[in-house]
Amino acid sequence: NFTATATITVNVQRFRGVDLAPDLENEGAPGAVVTFVHTLTNTGNAADSFDLSVSSSEPGWTVTVSPASALDVPRNGTRTITVQAAIPTGLGAGAATTVTVTATGRDGGPSDSATAIARVASITAADLSPGQRRNLNPGESVTYTHTVTNTGTTTTAFIIETSDSATGWSSTVTGSPTPPLGPGQTATITVQVTAPASAPRGEQNTTVVRVRAVGEGTPVLDEEEDVTAVGPARGVIIEPDRSAEGPPNSTVVLTHTVRNIGAEQGLFRLTVAEANGWPATVAPDLVNLGPGLEIEVTVRIFIPDGKRAGDPGFARVRVELVGDPQIFDEAENRLTVSRVAGVTLAASQVRLIQAGGRPQSLSGLAVTNRGSAADVFDLTPIGLPAGWNLTITPSTAPVDRESTFRVGMQVEAPSGVAPGTITRFFVEARSRFDAAVRDRVEITLVVPEAPPQVRPRVYIYLPLVRQAAQ
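What counts and how
Residues numbered from 1 in each chain as written. Predicted model: local features only at pLDDT ≥ 70, side-chain atom pairs only at ≥ 80, totals over all residues. Heavy atoms only, no water. Helix = DSSP H or I, 4+ residues; strand = E, 2+ residues; numbered from the N terminus. Rg over C-alpha atoms; globule rule 2.2 N^0.38 Å. Buried < 20%, exposed > 50% of the residue type's maximum accessible area, 1.4 Å probe, protein only. Contact = heavy atoms within 4.5 Å. Areas by Shrake-Rupley, 256 points an atom, 1.4 Å probe, with all protein chains shown as cover. Lys, Arg positive; Asp, Glu negative; His and termini not counted. Charge placed at Lys NZ, Arg CZ, Asp CG, Glu CD. Phe/Tyr/Trp six-rings, centres within 6.5 Å; stacked < 30°, edge-to-face > 60°. Lys NZ or Arg CZ within 6 Å of the ring centre and 35° of its normal. Pairing = 2+ DSSP bridges. Axes fitted to C-alpha atoms, helices over the stretch in contact; angles between N-to-C directions. Salt bridge = Lys/Arg side-chain N within 4 Å of Asp/Glu carboxyl O. Patch = residues over 30% accessible without salt bridge, like charges linked within 9 Å, V, L, I, M, F, W, Y side chains within 5 Å.

## Comments concerning the overall build of the protein chain
- Assigned secondary structure in the protein chain consists of zero helices and 35 strands.
- In terms of C-alpha radius of gyration, the protein chain reaches 51 Å, well past the compact-globule figure of 23 Å for 470 residues.
- When its C-alpha atoms are laid out on the principal axes, the protein chain stretches across 185 × 110 × 55 Å.
- Taking all 470 residues of the protein chain together, 37% fall into the buried category.
- For the protein chain, restricting intrachain contacts to residue pairs at least 6 apart in sequence, the fraction spanning at least 24 positions comes to 67%.
- For the protein chain, the accessible area works out to roughly 25400 Å², and carbon and sulfur atoms hold 49% of it.
- Put simply, the protein chain has 35 plus and 46 minus side-chain charges, and the middle of one group is 19 Å from the middle of the other.

## A word on the packing of aromatic side chains
- Tallying each qualifying case throughout the model produces zero aromatic pairs.
- The ring of F433 has R339 sitting right over it, with the charged end atom 3.9 Å from the ring centre.

## Notes on the sheet that holds strand β35 (residues 438-446)
- Judged by pairing direction, the sheet is mixed, and its five strands sit side by side in the order β28-β35-β34-β30-β32 without closing on themselves. Among the strands making up the open sheet, the edge pair consists of β28 (349-352) and β32 (396-399). Averaged over all adjacent pairs, the angle separating strand axes in this sheet is 25 degrees, with direction ignored.
- Judged from the six bridges that link them, strand β30 (residues 375-382) and strand β34 (residues 422-431) form a sheet pairing that is antiparallel. From the neighbouring strand, L379 faces β34, where its bridge partner is A429.

## Digging into the sheet that holds strand β12 (residues 141-150)
- Across the sheet, which stays open at both edges, the four strands sit in the order β10-β12-β15-β14 with antiparallel pairing between neighbours. Looking along the sheet, the strands with just one partner apiece sit at the ends: β10 (126-128) and β14 (170-174). Pairs of neighbouring strands in the sheet enclose a mean axial angle of 25 degrees, with direction left out of account.
- Relative to strand β15 (residues 186-194), β12 runs antiparallel, the two being bridged by nine bridges. Pairing of V148 across the sheet is with A187, part of β15.

## Let's talk about the pattern of salt bridges
- Enumeration according to the criterion identifies 20 salt bridges in this entry.
- Across the pair R106 and D51 runs a salt bridge, and its minimum N-O distance is 3.1 Å. Placement of R106 in the loop between β8 (96-105) and β9 (111-120) and of D51 in strand β4 (residues 48-56) is noted, with a sequence separation of 55 residues between them.
- Its relative accessible area of 34% is what places R106 among the partly exposed residues.
- Take D51: its relative accessible area is 33%, and that puts it in the partly exposed class.
- With a closest N to O distance of 2.9 Å, D378 and R432 form a salt bridge. Here D378, found in strand β30, pairs with R432, found in the loop between β34 and β35; they are 54 residues apart in sequence, far enough to count as distant.

## A closer look at unusual backbone geometry
- Cis geometry is adopted by the peptide bond preceding P240, which originates at E239 and carries an omega value of -5 degrees.
- A cis amide bond links A283 with the next residue in sequence, P284, at an omega value of -5 degrees.
- Take P284: it is sitting in the loop between β22 (280-283) and β23 (286-289).
- You will see that N76, though not glycine, has its phi angle at about 65 degrees, which is positive.
- On the secondary structure map, N76 appears in the loop between β6 (69-73) and β7 (78-86).

## Focus: the pairing of β9
- Sheet topology places strand β2 (residues 24-28) next to β9; five bridges connect them, and they run parallel. Looking across to β9, one finds that N26 is bridged to A118.

## As for a nonpolar patch on the surface
- On the surface, L267, L286 and V322 cluster together into a nonpolar patch covering about 210 Å² of accessible area.
- Looking at the element boundaries, L286 is found in strand β23.
- Note on L286: relative accessible area 40%, which makes it partly exposed.

## A short note on the environment of V272
- Mapped onto the elements of the fold, V272 is located in strand β21 (residues 266-274).
- Note on V272: relative accessible area 18%, which makes it buried.
- C-alpha of V272 to C-alpha of N333: the two residues are 61 residues apart in sequence and 10.0 Å apart in space.
- Leaving out residues up to four positions away in the same chain, V272 has contacts with A280, T281, V282, V299, A315, R316 and V317.

Shown next as structure tokens:
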């Protein structure tokens, strides 16, 4: 038998292919960027690299593709390709371009394309020019002018409506509804605002101007505010007037609101003066306010010590325009010194006292009224041991403000108190106006020790012996 072997070599020919899909459509507003996402698939039988390009069928559209190349895509591998189209401004609804993105294999490889249609959406939109500020006198009218711009993509007629924030004010619109406006077209409307004859100086009305498409129940597309104030073109107010009270040696804090009621920016200076000469400050003392803006300022007034309850105080806060002091306003602060109680009792003492026998006098006490009005103080012992008797004369002390009243004290110790005993208790003065206000002193009484027993002297008389001289 014979056996033969043969080797057969088969070479697989390289096949190249690419697929770019899907075709897409999207829409957006003028000025917006529309995004499309495609998938590149290597349909060949070996890894391959591709370059990508993009084009628009209509001029004025900016289109981009990312990435610009897909390298080393494996067999049956995929890559995500993102295409963006910037919609030009000023186009109407329905305007469109066809964006073509193409993938081409390198070194003469195959290519494929996908399309994306970018279209201008149908949008109803409008813009109102900014609101303004004006000043007028009571009963007068002022006119504001606004421009309505069709910022949508369809031809639309617009209606303009107003509302007023303050009672009694009115507003009317001329030029509403507008004629049909194409995209980007404009129309002019006016708003006349009228203040009531009774409107006070400084009153402010906000007229809200709203625009919507003609039709039942259409939404508001834009709104602006026209602000009208009663008063001169340059003006300021500070309010309200205040009333307050406080005890002596305290600071009363009050607040006011400063508002620029003019139609121009203003730099305003604040000062405060107290008629009694009590120290007073205002902060901040220099404010820069735009038209219609306001700020809270704080006034601090110090009530000196020693003032009597009911004493009045009066502080005037003035605000004026820097450079023109004729434009000013003032607010008043009326103060009253409130009634407070206060007392000091003097003084603590240490005394020797004999047990039993008649009452013995102690040093008197001084009751000083530290409150802001006359008061009555009750004096009572606190912690006095049983069997001891303390008499305070008088036990009720009427004392004027910042005055001193002296009372006397007598004590009687029980006869059974042992020598050397030390007794401590308190005497308290309490205000009848405010029972929580009190002061006390400590009284220390000492019963002395018995004197030591002294033995009587014994005298010994010795005879005088004189020796005779030798």
